Amino acid sequence: MMVLTSLFCLLSLQLQLPFVFPARNISLKCMQDTDEFLSDLNSVEPKEYALRMYDSVGKLGSNVLGGNVDRLGSSSECVSASAPSGGFQGQYCTLHVLQDGADYSVGVCVPDSCVEEDVTAMSQLGVLRFRNVSFWAPSLSLFARNVSSDPGVAVARCAAGMFPLDTFAAVCLSLTLLGLALPLAGTAYVAARGWGSARSASPPHGAHSATYGSLPLREPERSEPGNTVQWAGGLAHRSLSDTSSRGKRFLGAMDHALRCFSWQKTVPAIWSTRTPGSTCSALNGIRVLSLLWIMSGHTSQMAAWLSLDNVLEWKARVLRNPLYFYSRSGPFYLGVDTFFLISGWLSVRSFLKMLPSSEKGITANVILRYYFSRFIRLQPLHLYAVCLLVGLFSLVPWGPGWEVPKLHQDSCRRAWWTNVLLLNDFLSVRNACAGWTWYLANDFHFHLMTPVIVFVHGKSKHVLILLGAVLFLATFTATALLTLARDLPVAAPSEASESASVLYFLEYYTKPYCRCGPFLVGVFLSVFMHQNRPADVLTAKVPTLLRWVCSLSALLAVVAVAYAVDDTSATPSAAAAVYQALHRTLWAAAVGWLVFACHEGYGGPVNQLLSCGVWSFLASIAYACYLVHPIIILLYHGLQETLLHYTDLNMFYLFSGHCVLTFIAGLALTLFIEKPCQELKWRLLGSTPAGPGTSR
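Residues numbered from 1 in each chain as written. Predicted model: local features only at pLDDT ≥ 70, side-chain atom pairs only at ≥ 80, totals over all residues. Heavy atoms only, no water.

### Overview of the overall build of the protein chain
In terms of regular secondary structure, the protein chain is built from 25 helices and 5 strands. The burial tally for the protein chain puts 49% of its 696 residues in the buried class. Counted over contacts in the protein chain with a minimum sequence separation of 6, partners at least 24 positions apart contribute 77%. As presented, the protein chain carries roughly 33,200 Å² of accessible surface, and 65% of it is formed by carbon and sulfur atoms. (Helix = DSSP H or I, 4+ residues; strand = E, 2+ residues; numbered from the N terminus. Buried < 20%, exposed > 50% of the residue type's maximum accessible area, 1.4 Å probe, protein only. Contact = heavy atoms within 4.5 Å. Areas by Shrake-Rupley, 256 points an atom, 1.4 Å probe, with all protein chains shown as cover.)

Laid out in structure tokens, this is it:
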């Protein structure tokens, strides 16, 4: 009986509705609301809300041959429309269409009673029409050479505005807010303690109190009257003493933690431009310039992936033109290899500082302490950036570009544990959480080698040379064989075919056994500079000048050869495999000479430029900037209502804006999270900071 009643209702509806369409796979409520919308739109005098919904639908624009194929429409105009009856309001959906080899998106506005399956079915049935013309007409088949009668495949994805705040997102948001609250509490606590000390105690001999808003070196010890009370049998006294001692230890730990998070402690550390004598001051400039190079590449690359209306013009102008090597961070993010070089150079010095002065030398305790120190150096800010991404993305009212941020949030929901364990360079790489953090996993895995190399160096230099040769040969061989076997691209992997690009990132780009060459260069360079007298190598002017020429020539050759190597042929190229195997290590070796010469005082104007004081400040926030800048770029593109048009001027302004916002956010994260956690690490391990030069 219920089945007959339902059939009768559906038949009655099809007799009553002027815009009839098959009911299969479309909900009844969606059918009713869509018919009301189409009736109001196609009437003699269309209603305002219906015109608003239709106006928000994406229309075909000009410059289709230049890549302007996506039609976003206006999501804000769509969701602002509501039917006078109050039965529904506009809902923005994106139709992903694949037709005649063209892949494009069309923004449509439908009643919010329709789900994604309903919208997909209506697109296949051609229901949405205005004056008998489809909402997504004309088809891109007008511009295709081989046109078929196939209407194409369309799949709808509907935006929900703000992402749902589930348990995972709520936990991440809570941790994000906690990270903001602790520094504020610590700052207020230190200021209150200083103000209270100034009020309660007068300085002897007319001396002025200097404790307001500052950190005294040592707290005066105070005796508690309660501890001197003697109880019969001593048992009650011991219990009270133990309780008081535990309470004092807890309060002392809280006092230290709040002081570590206070701005009175962290701000002077950031603004200090002093570099320790054992650290190369030129590293600050190298680090910042490498960071800017990476940010420039991400700005250009993400814009091309997400928001350009002339992406084909961008590919034709930028990808194979060496003049744009900096704007696109080519040949593919050599700035990351510079980071690996610096990390390897500093890792040896950090490990040697941990060695005890006794004759015990390298022990298991020292090695484990070194590993733990590196782990807690990376992880607090790394995991906070993950929480920031998930929590912030849950609060943003996204526009037409909501799908990519949603993909990142869902990936973190599934793969966050790989970030915690620093295994995101091996596990869940395809759907990684904060995909740019593969670098941190690589870096930690590389640091596992440092104690072994230093230990071998202490035993035999000949064995060290043999070990270095084996390690370099292994990484070169693995990279070359992978490039040949998988036919991997070299110069522009992100713009290769989808399958080749995926293989490049999965099999080569994120794998430590392919990327360890620059780190090894830094390690062996640091061992050489620590053990020998490098100044003796630089005494002769002519050989030193020749080394400078060779270094600069190598830097230029690494960039130039990438544009000459043919990595697009159908058969694997031996030249491409050799270049892939060597170019990152060769780049690191050339930059390593620059570090070596500047550290020993033979850098000349290059050293003066790279050692400027402004680099020291920016280098102190570089780690936070690296972690936060992709989040800012994703936020920008996800909130755009329209596509961007590529010009050199527009891209420069976009890069400049990203830099300013990144430095502001990086400064905030350094003050709120990174520096306080470093202070806690130094208190926990009993070590002292080595200066801004060791921040990475």
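### Some points on the state of the cysteines
According to the stated counting rule, one finds 4 disulfides in the structure shown. Between C30 and C114 runs a disulfide, and the two sulfur atoms are separated by 1.9 Å. Taking the sign of the torsion about the S-S bond as the criterion, the disulfide between C30 and C114, at about 90°, is right-handed. In this pair, C30 is assigned in helix α2 (residues 28-42) and C114 in the loop between β2 (102-111) and α5 (116-125), connecting sequence segments 84 residues apart. The disulfide that involves C93 links it to C158, with 2.0 Å between the sulfurs. The sign of the 95° torsion about the S-S bond sets the C93-C158 disulfide as right-handed. Taken as a pair, C93 in strand β1 (residues 90-99) and C158 in strand β5 (residues 153-158) lie far apart in primary sequence, 65 residues in all. The connectivity of the disulfides in the protein chain is 1-5, 2-4, 3-6, 7-8, where the numbers refer to bonded cysteines in sequence order. Just so you know, C172 is unpaired, no disulfide at all, and the nearest cysteine sulfur is the one on C387, 4.2 Å from it. (Disulfide = S-S within 2.5 Å.)

### So, the nonpolar core
Membership of the largest hydrophobic core comes to 158 residues, with the highest contact counts inside it found for F37, V108, V119, M122 and F135. Counting residues per element, this core draws most heavily on helix α12 (residues 364-393), which supplies 13 residues. For F37, the contacting residues outside a window of four places in its chain are Y49, A50, M53, Y54, F88, C109 and F135. Among the nonpolar cores identified, the runner-up in size contains 12 residues, and A304, L308, V318 and L654 belong to it. (Core = buried A, V, L, I, M, F, W, Y, C linked by side-chain atoms within 4.5 Å.)

### Observations regarding α2
Since the α-helix turns once every 3.6 residues, residues separated by three or four places project in the same direction. Between the first and last C-alpha of α2 there are 21 Å, a value that for 15 residues agrees with the 21 Å anticipated at 1.5 Å per step. Within the span of α2, buried status applies to C30, M31, D33, T34, D35, F37, L38, D40 and L41. Its buried side turned inward, α2 meets α3 (48-55), β2, α5 and β3 (129-130). (Expected span 1.5 Å × (residues − 1).)

### A few points about the sheet that holds β1
Hydrogen bonding along the main chain pairs the strands of a sheet, whether they run parallel or antiparallel. The 3 strands lie next to each other as β2-β1-β5, forming an open sheet whose pairing is antiparallel. Each having just a single partner strand, β2 and β5 make up the two edges of the open sheet. With direction set aside, neighbouring strand axes in the sheet form an average angle of 25°. Note: β1 against β2, 10 bridges, orientation antiparallel. Counterpart to L95 in the pairing with β2 is V106. (Pairing = 2+ DSSP bridges. Axes fitted to C-alpha atoms, helices over the stretch in contact; angles between N-to-C directions.)

### Quick word on the packing of aromatic side chains
Per the stated rule, a full pass over the model turns up 36 aromatic pairs. Centroid distance F393 to W398: 5.1 Å. Interplanar angle 85°. Geometry classified as edge-to-face. Between K59 and the ring centre of Y54, over which it is positioned, the NZ or CZ distance is 4.9 Å. (Phe/Tyr/Trp six-rings, centres within 6.5 Å; stacked < 30°, edge-to-face > 60°. Lys NZ or Arg CZ within 6 Å of the ring centre and 35° of its normal.)

### Comments concerning the pattern of salt bridges
In the structure shown here, the tally under the stated rule is 16 salt bridges. Notably, a salt bridge pairs D40 with K47, separated by 3.8 Å at the nearest N-O pair. Note on D40: relative accessible area 11%, which makes it buried. The class of K47 is partly exposed, set by a relative accessible area of 39%. Across the pair D443 and R374 runs a salt bridge whose closest N-O atoms are separated by 2.7 Å. Here the residue D443 occupies a position in helix α14 (residues 438-447), and R374 occupies one in helix α12, the gap between them amounting to 69 residues. (Salt bridge = Lys/Arg side-chain N within 4 Å of Asp/Glu carboxyl O.)

### Quick notes on the packing of helix α11 (residues 334-354) against helix α21 (residues 574-599)
As a packed pair, α11 and α21 sit with axes 9 Å apart at the nearest point and diverge in direction by 55°. The angle between α11 and α21 falls in the class oblique. When you trace α11 past α21, the crossing you get is right-handed. Where α11 abuts α21, its residues L334, D337, T338, L341, W345 and R349 lie against H583, R584, W587, A588, V591, G592, V595 and H599. A per-class count over the contact of α11 with α21 returns 7 nonpolar, 4 polar and 3 charged. (Parallel < 35°, antiparallel > 145°, perpendicular 65-115°, else oblique. Left-handed = near helix turned anticlockwise from the far one by under 90°. Nonpolar A, V, L, I, M, F, W, Y, C, P; charged D, E, K, R; others polar.)

### Digging into the side chain of H408
With respect to the secondary-structure elements, H408 resides in helix α13 (residues 403-420). Residue class for H408 comes out buried when judged on its relative accessible area of 17%. Not counting residues within four places of it along the chain, the set of residues in contact with H408 comprises L389, F393, W436 and L634.

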